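# Analysis of the macromolecular model
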Amino acid sequence: MIDLALVRKDPVAYQDACKKKNIKLNIAAFLKLDEERRMLMAETQTMQAERNAVSKKVPTIKEKTEKEKVIGEMKSLGEKLKAGEEELIELDKQWMALQLQLPSIPLPSVPVGKDDTENREQRKWAPNQSSASADSGTGQDGLPIFDFEPKDHVALGTALDIIDIPRGVKIGGSRSYFLKGDGARLELAILQFTIDLLTKRGFTLFTPPLMANYAAMMGTSYFPGGEEQAYAIGVDRTPELGLDGKDAKQIESDRLYLIGTSEVAVASYHSGETFKQSELPKRYAGLSNCFRREAGTYGKDTHGLYRIHQFQKVEQVVLCENDEKTSAALHQEILGNAEAVLQALELPYRVVDVCTGDMGRGQIFKNDIETWMPSRKGYGETHSCSTFGEFQARRLGIKYETESGEKKYVHTLNNTCIASPRILIPILEIYQNKDGSVAIPSVLRPYMGGQEVIR
RNA sequence: GGAGAGGUGGCCGAGUGGUCGAUGGCGACAGUCUUGAAAACUGUUAACCCCGCAAGGGGUUCGUGGGUUCGAAUCCCACCCUCUCCGCCA
């Protein structure tokens, strides 16, 4: 949500932000509605003031006919007031709906572009000399080269019996999978390694609710707009559905949504609260399963574990004071944490500055980290690091009191630290050996009982 | 799932139709007293919105949303949440 005083002061800047972010919104029309709303508000408030004043006087009137006269007058005022209030409620709905669409203004450094094809590569990293696989080498650019025909993660995982997609689909529908045996253990090792790294760096770990209400979805700015990507809980539970349950009907929902990221829950943790400035920043990490409908992606990334409905993620969430330098420094910090994990895993990656068109409504600055995936012959997005300014904090109502007693909204940031199984794609593909076995990255071995290879 | 109780200001808690945004207590802040502190005493102490340069004025808020009424914390309806007992249960 945006400070409307700023929009009124500089509507052009917000219209420009809409254009850059591909948001269809007429700022002038919104401000006209805003104006109308305030005028109507003034009118109804005047009537309310009169009603309140007279209501206070009524019990002191002793004379009966006088009293009845006043009550009669109030009755007709009440009708006018009610009409005004109803009109205001209607106007309010439209006003709020539009207000929730207002974008924040990207920082000046953000590249302007229409979609992810116009993101700008900022830097690359690759291990000097990869220790990844006994049977592969490292090219000049640090990317792995194989002296055999490398397999993709699906072929590797299927042959090793650590990934089972067909049976996943049998149980959970398209884009479902099982991790099995060492595959499941590898995932947990990665998560645990990441958790340990963040803990050492001062982050507090949360395992949050996986189901969240509308306020949390809206507050973190997934709603309105992202409803189609969220699973809403609500199918009927009648026992007489036979063997296939295909007659199961939608029921009225429990009004909860499965979270697409622990950010929804963890950033909402302090909603409605006011900190003391000395309590900031808060460095939080959420470990959770994440659920995404992936509506509208039919036919896209259908192969393997790249785009699936459910995954596990360690997410960093930071709340800090309302200061651009502070949040910029923390942005680099949480970006650095994710890079530290990839570097420990010796996976080549690059950092891109996400352009305006590929940014969300609320972000003012965003980096993606893309990790090298041999089967894609390119980098694939594995991390997303966002700075929101006070956009989320306004929706969530998270403030702090400065030393001088002033109340301000916090700034919020978040970044993936690791997300699995997508990260298994580069791990399995880069660490594969000629014989089809896969070496376990050395930093993960302590988490797998010292095991060195999956075969 | 069955039965019951309840949601009031930072916290506790009173209030069942009208000068109630709400008695009282605790806490916090300021002052008096004190060398200092404690105690005692005195005072201050909600959030949000609208108008206004400001001083200030007005509105809304007693879980949420509707309704009744000239007037609702108080009456009615729906929903959300919490607690207790029983049942079931990882």
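Computed from a prediction, not measured in an experiment: that's the story for all the values here. (Residues numbered from 1 in each chain as written. Chains lettered and ligands numbered in written order. Predicted model: local features only at pLDDT ≥ 70, side-chain atom pairs only at ≥ 80, totals over all residues. Heavy atoms only, no water.)

### What to know about the packing of aromatic side chains
Taken as a whole and judged by the stated rule, the model has 10 aromatic pairs. Taking the centre distance of 5.5 Å and the plane angle of 70° together, the rings of Phe146 and Phe148 count as edge-to-face. Ring geometry for Phe206 against Tyr284: centres 4.6 Å apart, planes inclined by 70°, an arrangement best described as edge-to-face. A residue pair is termed long-range when its members are at least 10 positions apart, and Phe206 in strand β6 (residues 204–206) and Tyr284 in strand β10 (residues 282–291) qualify at 78 residues. When sorted by exposure, Phe206 lands in the same class as Tyr284, which is buried. The positively charged end of Arg37 is found above the aromatic ring belonging to Trp95, 3.5 Å away from the centroid. Between Arg422 and the ring centre of Tyr306, over which it is positioned, the NZ or CZ distance is 3.7 Å. (Phe/Tyr/Trp six-rings, centres within 6.5 Å; stacked < 30°, edge-to-face > 60°. Helix = DSSP H or I, 4+ residues; strand = E, 2+ residues; numbered from the N terminus. Buried < 20%, exposed > 50% of the residue type's maximum accessible area, 1.4 Å probe, protein only. Lys NZ or Arg CZ within 6 Å of the ring centre and 35° of its normal.)

### What about the protein's contact with RNA strand B?
Near RNA strand B lie 19 residues; those nearest to it are Arg38, Met41, Gln48, Arg51 and Lys399. Within the backbone of Ile71, a nitrogen or oxygen atom sits 3.5 Å from a sugar or linking oxygen of RNA strand B. Listing elements by their share of the surface near RNA strand B, those giving two or more residues are α3 (27–57) and α4 (64–99). Broken down by element, the surface near RNA strand B gets its largest block of residues, 8 residues, from α3. (Near = heavy atom within 4 Å. Polar contact = N/O pair within 3.5 Å; in protein donor to acceptor, adjacent residues only side chain to side chain.)

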